[in-house]
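# Remarks on the overall topology
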Protein chains: 2
Amino acid sequence: MDCAKKAMSAALTKGPFDLVIRNVKLVNVFTEEIYPAEIGISGGMVAYVTAPGEGGLSGAQVVEGAGRFAVPGLIDTHVHIESSMMTPRYFSEVCANSGVTTIMADPHEICNVLGKQAFHYMQKDAERARMRILYAVPSCVPAVPGLETSGAEFGPVEIAELMESGGAGLAEVMDYVGVANCSARMSAIVEEAEKHHLPAFGHTPLPPEPILQAYAASGIASCHESTCTEETLAKLRCGMVVECRESSACHDLEALIPALKQLNWPDNACFCTDDKEPDDLLREGSLCNNIRRAVQLGMPAVKAIRMGTLHAARLIRQPRLGAIAPGRWADIVLLDNLEQFAISEVYVEGRLVSKNGKLLEPIERDALEETEQMNTVRLPAAPTPALFTISAKGDTASVHTIQFNDQVPILTTLGTEKLPVKNGHVDISGREDLAFLTVLERHGKGGEHTTCLVKDCGLTHGAVAATISHDCHNLIVLGRDPEQMSLAANRLAECGGGVVSVDEGKVTGLLALPVGGLMAARSVEEMAPDVLAIKQAVRALGMKGQNPIIQPGSFALTVIPEVRVSNLGLVDVLAQKFIPVVAEED
Amino acid sequence: MDCAKKAMSAALTKGPFDLVIRNVKLVNVFTEEIYPAEIGISGGMVAYVTAPGEGGLSGAQVVEGAGRFAVPGLIDTHVHIESSMMTPRYFSEVCANSGVTTIMADPHEICNVLGKQAFHYMQKDAERARMRILYAVPSCVPAVPGLETSGAEFGPVEIAELMESGGAGLAEVMDYVGVANCSARMSAIVEEAEKHHLPAFGHTPLPPEPILQAYAASGIASCHESTCTEETLAKLRCGMVVECRESSACHDLEALIPALKQLNWPDNACFCTDDKEPDDLLREGSLCNNIRRAVQLGMPAVKAIRMGTLHAARLIRQPRLGAIAPGRWADIVLLDNLEQFAISEVYVEGRLVSKNGKLLEPIERDALEETEQMNTVRLPAAPTPALFTISAKGDTASVHTIQFNDQVPILTTLGTEKLPVKNGHVDISGREDLAFLTVLERHGKGGEHTTCLVKDCGLTHGAVAATISHDCHNLIVLGRDPEQMSLAANRLAECGGGVVSVDEGKVTGLLALPVGGLMAARSVEEMAPDVLAIKQAVRALGMKGQNPIIQPGSFALTVIPEVRVSNLGLVDVLAQKFIPVVAEED
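Our subject in this report is the structure included herewith. (Residues numbered from 1 in each chain as written. Chains lettered and ligands numbered in written order. Predicted model: local features only at pLDDT ≥ 70, side-chain atom pairs only at ≥ 80, totals over all residues. Heavy atoms only, no water.)

## Quick word on the sheet that holds strand E6 (residues 74-79) of chain A
Residue and element names in this part refer to chain A.
- Strand order across the open sheet formed by 3 strands is E6-E7-E8, with parallel pairing between neighbours. The open sheet has two edge strands, E6 and strand E8 (132-135), and neither has a second partner. The sheet shows a mean angle of 15° between the axes of neighbouring strands, taken without regard to direction.
- As judged from the 4 bridges shared by E6 and strand E7 (residues 100-105), these two strands associate in the parallel manner. Of the residues in E7, the one forming a bridge with Val79 is Ala105. (Pairing = 2+ DSSP bridges. Helix = DSSP H or I, 4+ residues; strand = E, 2+ residues; numbered from the N terminus. Axes fitted to C-alpha atoms, helices over the stretch in contact; angles between N-to-C directions.)

Pasting the structure below:
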């Protein structure tokens, strides 16, 4: 309230203000009007908005708007900072330069690794960010309890505790079937949001109507997984807020904008980025890309800006955000051009943070020890080649395989291959279409591992290892030769995680992600070329899939059909049970 | 959550439901679509909405919609139940019959009389209401501390306590100048709303821009006092929700609808009734009248219904209200005609409460002792004629007068009259334009009184007494003859308050309001003719003003310029200080 009082006092006397932004064309997201204005700011808040007059408002600092458009700072309602592979403060650089002044981040990935400690680390790091980072409390840590070993488990107790330590919502509730079925765990978790007066955010891709309606009835307010018109309309009709996503992997706007247009731009829609990698962030920015894309697809610019600001603020229940109006935080973007969303200056709480696409002050570097504390590759011993083999008796064995789907890389099917057994191990040397895939527990919880076979993933030589493997982020290694796989795993353990490729006994690419095995304390300019390089190195091994460094880990995604692997075994996803790696020996 | 779980389970299996409403034209307030539907209801909530199909959904009870329109129950965001002169459960009858299924009531009047006890009484009585009554905690008890004796005082401590005992918001914050100036009392009170995650509702008639913007910056979310286009636009631009009022005294829609139209029906607007008397309620209903009036004034019916439901639910922060959608309370109105808002059936939490304008079950009568507990006319002694005189020395005296303004009855001006003094008392027998006005403290706090003079109020004979006198509701008596005034006051004390008129030594009209001196436990059909009768009886004494029974009490309204009277003395409103009744004696 102290900031509000400063703003109120300044409003009452019409200044002097801490800062005055003169001569702008203000985009009023409440009324959808654009009019000439000057803005008085005090206490970090918008205090007074008035028509430009003789002399103008007085302020300790005066910025000449020169007829530029003033729009509220953008709000990304759902984003995983970890997907940027940068720590929060470095991620904030690209946000601020994109006109994004608030994000509702879901630190789901790092919490699966390090639990509550990670949540607090992310909060602490965000204190040095250049825009506002709010954290929703992850709802599915782990995604599927019992089928894999995560670094932590969040039940209602942990979730309540994090809500009481600054959590600003309940993050994407992915177990939508559990919610719809009122499972004890998910019901208790969703109830915590209501108890704490916090919004619960959703995730329900292409649900059948009964599941969608049951899910909506739980009180979960939104979904960012809509990918077609019909689905979008169904969710809007249920009263859910549709968070329209443009991520690295998903480009949903093209399908969603026609649905919104059909309803004459409803107020239950906003934007999000979900997962964006450094190369995409560097090329097209963060949420500003959603705005530009929406306008290209036919949405009026003022409607798009309203969606990315006011609608978002309502969803995340932050009444002091999302507009340029008295008592709202002075998060303001000055644009040279409205339709192109050409960003000139970005203010957060009345402070200029970014100008012409550059931060005013560079991000503070981490002290080395801070980063090292987050080294989370905790293995009981250095992985030997023996780990990356499949034992079998007799001369041949029928072995289950995870069949890669080239058309829909996110889906897999279960297969079986009859293979020779040599020296007690399944031999794939004669089969270029097969590769070993090992998931190795890396959270210091015993180091259990499973090795299985993947078919048709494209990798023909060398090996790739990664600690990015949704959602438990165990150490995953893919290769055809146990020696190469062992080399990759050991190299990754040394550097605290990330992604590594090896070929012919040499490391051919390394993206070190020492913070939780998921992030690095480096800027987007530093990260983007390294990410492109490791992608190229992995693709050089033959790896298929849209994203060669995410693809290996996706074989461990135990929530998406039909078959996946965890450190505990091969998983039949629909049945939610284990199946043996070796089906039959003889 | 238990009700939600019932709804979710029923949705998941597509029934059977507790209740199915078949074959309706559903008005979807999220998408502004109207489409054929059937509605499955379980646990009192909407569980499933689907297109009418073969056989249809199955339910323990099935209602044939027969092509009627299904719209969400209306929500009145600001209403004083006390103005209906009925206790909450009787007021609920007219609401339910009007399609109003939720009100945000401000029990401001009765709390000024009886404090926290009254808040709890109102809550308890509401348990037997036929629709949902939410109570906002009154913010200005009393309106002007120090200038009058109210029955109670609410500071931040009492307000927090009531918020924690089920209060659902902070009621109209009337001291807008105090808020804008960050007065310690008002700042602390407004902060309680933010602390408790509750909405704060506003009241700021025609504020100058700096005051409006400072007021909006406090976080107060709405205002129901807009009466012209310019004012409406200014508030909407600040992000405030404009609550468009049609009350007994104020018919604001005619001025406000053009402003909303100009902005193409913005989503920051809703409806309220504020104060409505029984005769108006019986004639035109409650909030349904706002809807009908808005449509007559050119607003599309679906927009008007959206305003009266979804927009209102958002303002009062009740995400389970305001729409016919999964997980929302099944508050549903079936309409024979959309444009005319012709109400056929009203459901609250899935129970049919009103059909063809009549309750299904009559309101339960009070036990007599309940009503008697609320008898709040607590005088130290029976008022004698001597109380209703003005003492003065000498032969003549200059006496201050409250000048009635026939053009703008809500305003008064200060006058002075030179009058004869007889037997130590000011004599007005020769002046038909003057009357005595006495305010007598009636809350059991000492019984202090002030008698002064009113000029040109019209009353030429008899006397009128009332316990409705905003905002402290002390006993007010107006007359030319102390004997008649004493008779009126005593009669009123006997019946526990209300309004009484006497003439020539006889009671000519009596409206008994034994509950707090403000309400009666009687139905609108019983009350309306009695209210019309007492209005006629008071007007027969010559009384001017729009509302002859509210007018006497309005002379005690110490917040509106220029001069008023409280039990403690004559009040200069702008200076907020006392002035003597007798200006000069000689």
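## Considering the relation of the copies chain B and chain A
- The operation relating chain B to chain A is a screw motion whose rotation component is 179°, with 0.0 Å of axial translation and a residual RMSD of 0.2 Å. What the superposition gives is, in effect, a two-fold axis relating one chain to the other. Taking C-alpha positions as reference, the residue of chain B nearest the rotation axis is His197(B), located at 3.4 Å.
- The share of interface residues of chain B whose copies in chain A are also at the interface is 100%, consistent with both copies meeting through the same surface. (Least-squares fit on C-alpha atoms with pLDDT ≥ 70 in both. Contact = heavy atoms within 4.5 Å.)

## A few points about the environment of Leu297(B)
Residue and element names in this part refer to chain B.
- Considering the arrangement of structural elements, one finds Leu297 in the loop between helix H11 (288-296) and helix H12 (301-315).
- Owing to a relative accessible area of 27%, Leu297 belongs among the partly exposed residues under this scheme.
- Other than its neighbours up to four places away in sequence, Leu297 contacts Leu253, Glu254 and Ile257. (Buried < 20%, exposed > 50% of the residue type's maximum accessible area, 1.4 Å probe, protein only.)

## Thoughts on the packing of aromatic side chains
All names here are of chain B.
- Counted under the stated rule, the structure contains 8 aromatic pairs over all chains.
- Measuring from centroid to centroid gives 6.4 Å for Phe17 and Tyr48, while their planes differ by 15°, and the two rings are stacked. Linking Phe17 in strand E1 (residues 17-28) with Tyr48 in strand E3 (residues 45-50), this pair joins segments that are 31 residues apart in sequence.
- Judged by its relative accessible area of 2%, Phe17 is buried.
- For Tyr48, a relative accessible area of 3% puts it in the buried group.
- Centre to centre, the rings of Tyr176 and Tyr215 are 6.4 Å apart; their planes meet at 85°, and the pair counts as edge-to-face. One end of the pair, Tyr176, is in helix H5 (residues 176-180); the other, Tyr215, is in helix H7 (residues 209-217), and 39 residues separate them in sequence. The same class applies to Tyr176 as to Tyr215, namely buried. (Phe/Tyr/Trp six-rings, centres within 6.5 Å; stacked < 30°, edge-to-face > 60°.)

## Section: helix H2 (residues 88-97) of chain A
All names here are of chain A.
- Along H2, 10 of the 10 residues are buried, which leaves the element largely enclosed by surrounding structure.
- By the burial criterion, the buried members of H2 are Pro88, Arg89, Tyr90, Phe91, Ser92, Glu93, Val94, Cys95, Ala96 and Asn97.
- In the stretch just after H2, Gly99 is the one whose phi turns positive, near 80°.

## Here's the deal with the side chain of Asn28(B)
Residue and element names in this part refer to chain B.
- Structurally, Asn28 is set in strand E1.
- Among the polar contacts listed, one links the side chain of Asn28 to the backbone nitrogen of Thr31, at a separation of 3.2 Å.
- Of the polar contacts made by the side chain of Asn28, one reaches the side chain of Tyr35; its length is 2.8 Å. (Polar contact = N/O pair within 3.5 Å; in protein donor to acceptor, adjacent residues only side chain to side chain.)

## With respect to the interface of chain B and chain A
- With 49 residues of chain B at the interface, the matching set in chain A holds 49 residues.
- Counting each side, the surface lost to burial between chain B and chain A is near 4,100 Å², with a carbon and sulfur contribution of 58%.
- If you sort the residues of chain B by the area they bury against chain A, Met8(B), Leu12(B) and Arg237(B) come out on top, with a joint share of 16%.
- In this structure, the connection of chain B to chain A is made through 10 salt bridges.
- Among the salt bridges present, the one from Arg320(B) reaches Glu194(A), with a minimum N-O distance of 3.5 Å.
- Applying the counting criterion to the chain B and chain A interface returns 16 residue pairs in polar contact (both at pLDDT 80 or more).
- Elements represented by at least two residues in the side of chain B that touches chain A include exactly helix H1 (2-12), strand E2 (33-42), E3, H5, helix H6 (184-195), H7, helix H8 (229-237) and H12 of chain B.
- Ranked by residues supplied to the side of chain B that touches chain A, first place goes to H7(B) with 7 residues. (Buried area = accessible area lost by both parts, 1.4 Å probe. Salt bridge = Lys/Arg side-chain N within 4 Å of Asp/Glu carboxyl O.)

## Looking at the environment of Lys544(A)
Residues and elements named next belong to chain A.
- In this fold, Lys544 is placed in the loop between helix H15 (524-539) and helix H16 (551-554).
- For Lys544, a relative accessible area of 30% corresponds to the partly exposed category.
- Ignoring anything within four residues of it in the chain, the contact list for Lys544 reads Phe404, Asp406, Asp456, Cys457, Gly458 and Gln551.
- Polar side-chain contacts of Lys544 include one of 3.4 Å to the backbone oxygen of Asp456.

## Let's talk about the pattern of salt bridges
- If you walk through the whole model with that rule in mind, you get 68 salt bridges over all chains.
- A salt bridge links Asp433(A) to Arg431(A); the shortest N-O distance between them is 3.0 Å.
- Asp433(A) gets classed as partly exposed once you look at its relative accessible area, which sits at 25%.
- Residue classification places Arg431(A) among the partly exposed positions, given a relative accessible area of 23%.
- The partner of Arg365(B) in a salt bridge is Glu526(B), and the shortest N-O contact between them spans 3.2 Å. With Arg365(B) in the loop between strand E17 (358-359) and helix H13 (368-373) and Glu526(B) in helix H15 (residues 524-539), this residue pair connects regions lying 161 residues apart in the sequence.
- The class for Arg365(B) is exposed, based on a relative accessible area of 51%.
- A relative accessible area of 27% places Glu526(B) in the partly exposed class.
- Connected via shared salt-bridge partners are Glu32(A), Lys303(A), Arg306(A), Arg314(A) and Asp267(B).

## Focus: the packing of helix H1 (residues 2-12) of chain A against H7(B)
- One way to put it is that H1(A) packs onto H7(B) with a least axis distance of 8 Å and a crossing angle of 175°. The angle between H1(A) and H7(B) falls in the class roughly antiparallel. Across from Ala4(A), Met8(A), Ala11(A) and Leu12(A) in H1(A), the residues of H7(B) making contact are Pro210(B), Ile211(B), Ala214(B) and Ala217(B).
- Residues that form the contact of H1(A) with H7(B) fall into these classes: 8 nonpolar, no polar and no charged. (Parallel < 35°, antiparallel > 145°, perpendicular 65-115°, else oblique. Nonpolar A, V, L, I, M, F, W, Y, C, P; charged D, E, K, R; others polar.)

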